[in-house]
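Each chain, letter by letter, is given below.
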Amino acid sequence: MFESLRKKLNIFKESVSATESELDKEGIEAAESEETLSGEATEEVSREPTTPKVINAETVGHASESVEQPQQRVEPSNGRKSASDNIFDRKIKDKDLEESLSDLEIALLESDVAVSVSEEIVETVKKELVGTKRKWRQDVGALVEQALRDGILKVLDVNGLDFDEIIRNTPKPVTIVFTGINGTGKTTTIAKLAYRLKNQGYSVVLAAGDTYRAGAQEQIERHAENLGVKLVKHKQGADPAAVIYDAVQYARAKHKDVVLADTAGRIHTNVNLMNQLKKIERVIDADLVVFVDEALAGNDAVERALKFNTTMAIDGSILTKVDADSKGGTAISIAHATSKPILFLGVGQNYEDMIKFDPQWLMTRLFDEADA
Ligand SMILES: Nc1nc2c(ncn2[C@@H]2O[C@H](COP(=O)(O)OP(=O)(O)OP(=O)(O)O)[C@@H](O)[C@H]2O)c(=O)[nH]1
Ligand SMILES: [Mg+2]
């Protein structure tokens, strides 16, 4: 999962580190050649500090605080000039990051991160790094990683909506309608959620709201049987709004906790099918509308979420097939683009292959796990 994005972020980290360490080297050389030319420091000051092992920023104390540019000369308290005194502290500069940041933006776009989201991440990283003081020869990898984490967390930070809390706190039955295009994993996700809710002690009713695709009702029926949950269905071709309505009525009458309503996959350009969603919205007062799409779809998933949202307002997204996605861009972009959170990630075909989405989980995947 997300291997490719993880590698790209690491390349950025290494590239900034390499640039900064190159600047250290240049700073030392420049300072050394100035000394050699002036000839005055050599007799008083050991040249050893130009070898890294004997230069310890701690031992220079206040001198390091007062110098920010390797080229600036300072007068130490004893009045003698020293090459090492000039280079202990540096500020990370805009122009030193330019190339790496531009590569980062391309890497994010190549990873299917939406354009506006890539720009925002790069901007946060830049703001955080430019002007940051660092010690001479300090590896800036940790600083860069923190900036990347902050940049990504910022775009993932949309109005929190905790699925479990909603289930706990909403009057029963909680009604959830799932939408999205064909084959993205809506029905499978409904089965996974039914499995999860059942394990948490809730009673679940499934609504066979896909009355359109041949075989759809049998598919959800199999899941209902496997999971031991009630399925409400009508005939093939029936009005899906009526099916879901009946399922809610059944759940009310039987004091069931949650109704999970399937719908047919549809392309957002199909006017008739999109109008059907509008009807479902009118007839069913759903507590949650969840948009389901594949992580693999990249920017297309983001675009589709926005289109579906205009027909039937979504409250959150579920990304499926994350187990097959190395790019990660959809997971990073969709919440920011729709201003609605990612609720779960589908990570396989079995009932238990679903993870409740948590931005920190993504951070672990991107930064803490060893490369596979
Ligand atoms: N690898 C993987 N496969 C998944 C995941 N979720 C769903 N699938 C597979 O995706 C395929 C389509 O899943 P469905 O649940 O039928 O998709 P759908 O959106 O209901 O499809 P339509 O009803 O045709 O619109 C199935 O083969 C699922 O097993 C996932 O998280 N990972
Ligand atoms: Mg389906």
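Residues numbered from 1 in each chain as written. Chains lettered and ligands numbered in written order. Predicted model: local features only at pLDDT ≥ 70, side-chain atom pairs only at ≥ 80, totals over all residues. Heavy atoms only, no water.

What to know about the packing of aromatic side chains
Going by this rule: We call Phe, Tyr and Trp rings a pair once their centres come within 6.5 Å, taking the six-membered ring for Trp, and we label the pair stacked below 30 degrees between planes, edge-to-face above 60, and tilted otherwise. Under the scheme used here, helices are H or I runs from DSSP no shorter than 4 residues and strands are E runs no shorter than 2 residues, and both carry numbers assigned from the N terminus. Under the scheme applied here, a residue whose accessible area is under 20% of the maximum for its type counts as buried, over 50% as exposed, and between as partly exposed, the area being computed with a 1.4 Å probe on protein chains only. Working rule: Lys NZ or Arg CZ, within 6 Å of ring centre, within 35 degrees of ring normal, means a charge sits over the ring.
Under the counting rule described, the total for this entry stands at four aromatic pairs. A ring pair is formed by Phe291 and Phe308, whose centres lie 5.4 Å apart and whose planes are at 50°; its orientation type is tilted. One end of the pair, Phe291, is in strand β7 (residues 288-294); the other, Phe308, is in helix α12 (residues 299-311), and 17 residues separate them in sequence. The exposure class assigned to Phe308 is buried, which follows from its relative accessible area of 1%. Above the plane of the ring of Tyr250 lies Lys230, whose end atom (NZ or CZ) is 4.9 Å from the centre.

Here we look at the site of ligand 1
Quick note on the threshold: In this text, near means that some heavy atom of the residue lies within 4 Å of the molecule or strand in question. Whenever a nitrogen or oxygen atom comes within 3.5 Å of another N or O atom, the pair is scored as a polar contact, on the condition that within protein one atom can donate a hydrogen and the other can accept it, and that pairs from neighbouring residues in sequence are kept only if both atoms are in side chains. For every accessible area listed, the method is Shrake-Rupley and the probe measures 1.4 Å; residues are considered covered only by the protein chains on display. Note on residue classes: Ala, Val, Leu, Ile, Met, Phe, Trp, Tyr, Cys and Pro are nonpolar, Asp, Glu, Lys and Arg are charged, and everything else, Gly too, is polar.
Residues in close proximity to ligand 1 total 20 residues, the closest being Lys186, Thr187, Thr188, Asp323 and Gln349. Within the side chain of Lys192, one N or O atom sits 3.3 Å away from an oxygen atom of ligand 1. The contact in question runs from an oxygen atom of ligand 1 to an N or O atom on the side chain of Gln349, over 2.5 Å. Considered on its own, ligand 1 offers 660 Å² of accessible surface; in the complex 82% of this is hidden by protein. Take the shell around ligand 1: its biggest share by element is four residues, from helix α8 (residues 186-199). Considering only residue class, the shell around ligand 1 consists of two nonpolar, 12 polar and six charged.

Considering the nonpolar core
To keep it simple, the criterion reads: Residue types Ala, Val, Leu, Ile, Met, Phe, Trp, Tyr and Cys, when buried and joined through side-chain atoms within 4.5 Å, form a set referred to as a nonpolar core. In this analysis, two residues are considered to be in contact whenever any of their non-hydrogen atoms come within 4.5 Å of each other.
In this structure, Leu9, Leu104, Ile121, Val125, Ile152, Ile332 and Leu366 are the most contacted members of the largest nonpolar core, which totals 64 residues. Aside from chain neighbours lying at most four places away, what touches Val125 is Phe12, Leu101, Leu104, Ala147 and Leu148.

Considering helix α13 (residues 329-338)
At 3.6 residues per turn, the α-helix brings residues three or four places apart onto the same side. Within α13, eight of the 10 residues are buried, which leaves it mostly tucked inside the rest of the structure. Backbone geometry just downstream of α13 places Ser339 in the positive-phi region, at approximately 60°.

A few points about the layout of surface pockets
Basically, it comes down to this: Cavities and pockets are found on a 1 Å grid laid over the protein atoms alone: a cavity is a set of points where a 1.4 Å probe fits but cannot escape, a pocket is an open set with protein on both sides within 12 Å along at least five of seven lines, and a lining residue has an atom within 4 Å of such a point. Grid points are joined across faces, edges and corners, and a volume is the space filled by probe spheres set on the points.
Reported here for the second largest pocket is a volume of approximately 260 Å³. In this structure, the second largest pocket is lined by 17 residues; those nearest its centre are Gly160, Pro341, Ile342, Phe357 and Pro359. Mapped onto the lining of the second largest pocket, the elements with two or more residues apiece are α6 (141-156) and β9 (342-346). When its residues are assigned to classes, the lining of the second largest pocket shows 11 nonpolar, two polar and four charged.

Concerning the sheet that holds strand β8 (residues 316-320)
Note the cut-off: The rule for pairing is simple: two strands pair if DSSP sees at least two bridges between them. Between the N-to-C directions of two axes lies an angle of 0 to 180 degrees, each axis being a line fitted to C-alpha atoms and, for a helix, fitted only over the stretch in contact.
Spatial strand order, β5-β4-β6-β3-β7-β8-β9-β10: eight strands in an open sheet with mixed pairing. Where the open sheet ends on each side, the last strands, each with one partner, are β5 (230-232) and β10 (354-356). Put simply, the sheet's adjacent strands are angled 25° from each other on average, direction ignored. Across four bridges, the pairing between strand β3 (residues 174-179) and strand β6 (residues 258-261) is parallel. Bridge pairing in β6 links Ile176 to Leu260. Lying on the sheet, α12 is in contact with β3 and β7; it crosses β7 at an angle near 155°.

Observations regarding the confidence of the model for the chain
Put simply, the rule reads: The predictor attaches a confidence to each residue, and that confidence, scored 0 to 100, is pLDDT.
When pLDDT is averaged along the chain, the result is 85; 83% of the residues meet or exceed 70. Across residues 40-85 the pLDDT falls below 50, and counting only partners more than four positions away or on other chains, this stretch makes 67 contacts in the model.

Some remarks on the pattern of salt bridges
Put simply, the test is: Here, a salt bridge means any Lys or Arg side-chain nitrogen found within 4 Å of an Asp or Glu carboxyl oxygen.
The tally for this structure, following the rule as stated, stands at 15 salt bridges. Salt-bridge contacts for Glu120 lead to Lys154; the nearest nitrogen and oxygen are separated by 3.9 Å. You can see Glu120 sitting in helix α5 (residues 115-129) and its partner Lys154 sitting in helix α6, a full 34 residues away along the chain. The salt bridge involving Arg149 is made with Asp368; its shortest N-O contact spans 2.6 Å. Taken together, the positions of Arg149 in helix α6 and Asp368 in helix α14 (residues 359-368) put the pair 219 residues apart, joining distant regions of the chain. Judged by relative accessible area, which is 14%, Arg149 ranks as buried. If you follow the salt bridges from partner to partner, you end up with Lys13, Glu145, Arg149 and Asp368 in one network.

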